[in-house]
Amino acid sequence: MKSKNNFVMDEIIEKYADMVYRISFSMMKNEADAQDIFQEVFLRLVTNLDKIESEEHLKAWLIRVTSNCAKKHFSNYWNNHVYSFEDFEMQEQGEYDNYERVEGNCVVDALKQIPEKYRIPIHLFYYEQMSIKEIASTLNKKESSVKSLLFRGRDLLKNILKDEVAF
Amino acid sequence: MNRYQKEMDNIHAPRELIESTKLKCKESITTKNQNNKWNKKIIYWLPAVSAAIVFITVLGIGFGGQNYLKNTNMHLGNKEIILNSNEQIIMKDISFIPMEFADKDVVTRRINDKEVLIVSNKKGFYKACIKKEHNYLLIESQYTDLEDFLQYLDMTIK
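Keep in mind that this is a model prediction, so the values were computed, not measured. (Residues numbered from 1 in each chain as written. Chains lettered and ligands numbered in written order. Predicted model: local features only at pLDDT ≥ 70, side-chain atom pairs only at ≥ 80, totals over all residues. Heavy atoms only, no water.)

Right, let's get into the pairing of strand β6 (residues 125–131) of chain B. Residue and element names in this part refer to chain B. Most of β6 sits inside the fold, with five of its seven residues counted as buried. Here strand β5 (residues 114–122) pairs with β6 via six bridges, running antiparallel. Bridging from a neighbouring strand, Leu-117 pairs with Cys-129 of β6. What sits between the antiparallel neighbours β5 and β6 is a turn of two residues, in which Gly-124 has the positive phi angle 95°. In terms of strand pairing, β6 meets strand β7 (residues 136–142) through six bridges, oriented antiparallel. Counterpart to Tyr-126 in the pairing with β7 is Ser-141. Counted between consecutive antiparallel strands, the loop separating β6 from β7 contains four residues. (Buried < 20%, exposed > 50% of the residue type's maximum accessible area, 1.4 Å probe, protein only. Helix = DSSP H or I, 4+ residues; strand = E, 2+ residues; numbered from the N terminus. Pairing = 2+ DSSP bridges.)

This is how it looks when you write it as structure tokens:
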């Protein structure tokens, strides 16, 4: 992992593209923001590649940085207060729900409607099949915090989805 | 949550995004390598440049010390030149040669093709006399080294 060259980066991007994109997509309001986060994560990796020690470390690093980039994006005042002209038009037409909807993706859409702090633990637990211990170490949180985030997040999702999906 | 897994399985990073990210990363790697090269060059040359600056400064101070007469600001007024707080040079136009230049200890020197009489009564106190068209120019120095005094004469007498 110490050799920093274009080949290594290409391999990493190909291997982890879907993982990073899915995390950022599950966290962000729309595809454009998810794509911004995606690029930012890999560009950050270029400058930190020599600090990566193993494959596991790389995966954890990518998850953590994607999560941090998304949080940074949420905390940005501009992003919280500025809407695109397209958003405005949708709102005028009564179609606005803050999130891009993909046909048939009702759970993904529901996940985007719960607060952002619950999204990553739920995604990592249910999609990446990571244990609570792994999630806690990746996100630098206590295991008890992860457990409670998962519990509350699942409750919120249940309320949104009600009869649509069985948990 | 099987439904969530199925939905997520259908989501993939767009190919265009992957390719553009690869391209940006390549650019970033190139920039980083260039910066590293510059950093290495700077790290290599910094001590050498610093040493050169110190050397030039020391050299400059050395020469400056020797040639301070050339570099000192001279306040010219009534033909009195103050080189610094102690050293002083006074220039006077006189109509006759002072008696002290008739002494046997008088030294004659040619400075810039002009004959100059130099006499010293006390260490650090020198007098020089140069013949002008109808009178004489007397140059007196106080608290000055002979070498500095001669250097000053060399600069003054044209």
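On the side of chain B, 24 residues touch chain A, which itself brings 36 residues to the contact. Here chain A and chain B share an interface that buries about 2,900 Å² over both sides, 64% of which is from carbon and sulfur atoms. Applying the counting rule to chain A against chain B returns three salt bridges. Salt-bridge contacts for Glu-14 of chain A lead to Arg-15 of chain B; the nearest nitrogen and oxygen are separated by 2.8 Å. (Contact = heavy atoms within 4.5 Å. Buried area = accessible area lost by both parts, 1.4 Å probe. Salt bridge = Lys/Arg side-chain N within 4 Å of Asp/Glu carboxyl O.)

As a further point, take the nonpolar core. Counting residues in each nonpolar core, the largest one holds 61 residues, and the members touching the most others are Met-9, Phe-38, Phe-42, Leu-45, Leu-62 and Ile-122 of chain A together with Tyr-4 of chain B. Ignoring sequence-local partners within four residues, the contact set of Leu-62 of chain A consists of Tyr-16, Met-19, Val-20, Val-41, Phe-42 and Leu-45 of chain A. (Core = buried A, V, L, I, M, F, W, Y, C linked by side-chain atoms within 4.5 Å.)

This paragraph deals with unusual backbone geometry. Residues and elements named next belong to chain B. Positive phi, normally seen in glycine, also occurs at Asn-112, with a value near 50°. One can find Asn-112 in the loop between β4 (107–111) and β5. Its identity is not glycine, yet Asp-113 carries a phi of approximately 65°, on the positive side. With respect to the helices and strands, the residue Asp-113 is situated in the loop between β4 and β5. With a relative accessible area of 66%, Asp-113 lands in the exposed category.

Now for a nonpolar patch on the surface. Residues and elements named next belong to chain B. On the surface, Tyr-44, Trp-45, Val-49 and Ile-53 cluster together into a nonpolar patch covering about 470 Å² of accessible area. Here Ile-53 lies in helix α2 (residues 15–66). What makes Ile-53 partly exposed here is its relative accessible area of 49%. (Patch = residues over 30% accessible without salt bridge, like charges linked within 9 Å, V, L, I, M, F, W, Y side chains within 5 Å. Areas by Shrake-Rupley, 256 points an atom, 1.4 Å probe, with all protein chains shown as cover.)

So, about the environment of Cys-69 of chain A. All names here are of chain A. Note that Cys-69 resides in helix α3 (residues 55–75). It is 7.6 Å that separates the C-alpha atoms of Cys-69 and Glu-40, two residues lying 29 residues apart in sequence. Dropping the residues within four chain positions of it, Cys-69 is found in contact with Ile-37, Glu-40, Val-41 and Arg-44.

Attention now goes to the confidence of the model for chain A. When pLDDT is averaged across chain A, the result is 80; 76% of the residues are at 70 or more. Under a pLDDT of 50 for its full length, residues 94–101 of chain A has, in the predicted model, 18 contacts with residues more than four places off or in other chains. (pLDDT = per-residue confidence, 0-100.)

With that settled, the discussion passes to the pattern of salt bridges. A pair can form between side chains of opposite charge whenever their charged atoms are brought close. Inspection of every chain in the model, using the stated rule, returns ten salt bridges over all chains. Across the pair Lys-26 of chain B and Asp-10 of chain A runs a salt bridge whose closest N-O atoms are separated by 3.6 Å. Linking Lys-26 of chain B in helix α2 with Asp-10 of chain A in helix α1 (residues 6–27), this pair reaches from one chain into another. Classification of Lys-26 of chain B as partly exposed rests on a relative accessible area of 31%.

A few words on the packing of aromatic side chains. For the coordinates displayed, the defined rule picks out five aromatic pairs over all chains. Each ring, one from Tyr-21 of chain A and one from Phe-38 of chain A, has its centre 6.2 Å from the other, and the planes form 75°; the classification is edge-to-face. Residue Tyr-21 of chain A is found in helix α1, and its partner Phe-38 of chain A is found in helix α2 (residues 31–48); the two are separated by 17 residues along the sequence. For the pair Tyr-21 of chain A and Phe-38 of chain A, one class covers both residues: buried. Between Phe-125 of chain A and Tyr-126 of chain A the ring centres are 5.0 Å apart and the planes differ by 85°, which places this aromatic pair in the edge-to-face class. Through successive ring pairs, a cluster of aromatic residues spans Tyr-21, Phe-25, Phe-38 and Phe-42 of chain A. For the cation-ring pair, Lys-131 of chain B lies above Tyr-136 of chain B, with the distance from its terminal atom to the ring centre recorded as 5.5 Å. (Phe/Tyr/Trp six-rings, centres within 6.5 Å; stacked < 30°, edge-to-face > 60°. Lys NZ or Arg CZ within 6 Å of the ring centre and 35° of its normal.)

With that out of the way, let us pick up the packing of helix α7 (residues 116–126) of chain A against helix α9 (residues 143–161) of chain A. Residues and elements named next belong to chain A. As a packed pair, α7 and α9 sit with axes 9 Å apart at the nearest point and diverge in direction by 95°. The angle between α7 and α9 falls in the class roughly perpendicular. Contacts between α7 and α9 involve Lys-117, Tyr-118, Pro-121, Ile-122, Phe-125 and Tyr-126 from the first element and Leu-149, Leu-150, Arg-152, Gly-153, Arg-154, Leu-156 and Leu-157 from the second. (Axes fitted to C-alpha atoms, helices over the stretch in contact; angles between N-to-C directions. Parallel < 35°, antiparallel > 145°, perpendicular 65-115°, else oblique.)

Residues and elements named next belong to chain A. Viewed as axis vectors pointing N to C, helix α6 (residues 106–113) and α9 meet at an angle of 120°, and their least axial separation amounts to 9 Å. Compared by their axis directions, α6 and α9 come out oblique. Taken as a pair, α6 and α9 cross one another with a handedness that is right-handed. On the side of α6, the interface is formed by Cys-106, Val-107, Ala-110, Leu-111 and Gln-113, while α9 contributes Leu-157, Ile-160 and Leu-161. A breakdown of the residues in the contact of α6 with α9 according to their chemical character gives seven nonpolar, one polar and no charged. (Left-handed = near helix turned anticlockwise from the far one by under 90°. Nonpolar A, V, L, I, M, F, W, Y, C, P; charged D, E, K, R; others polar.)

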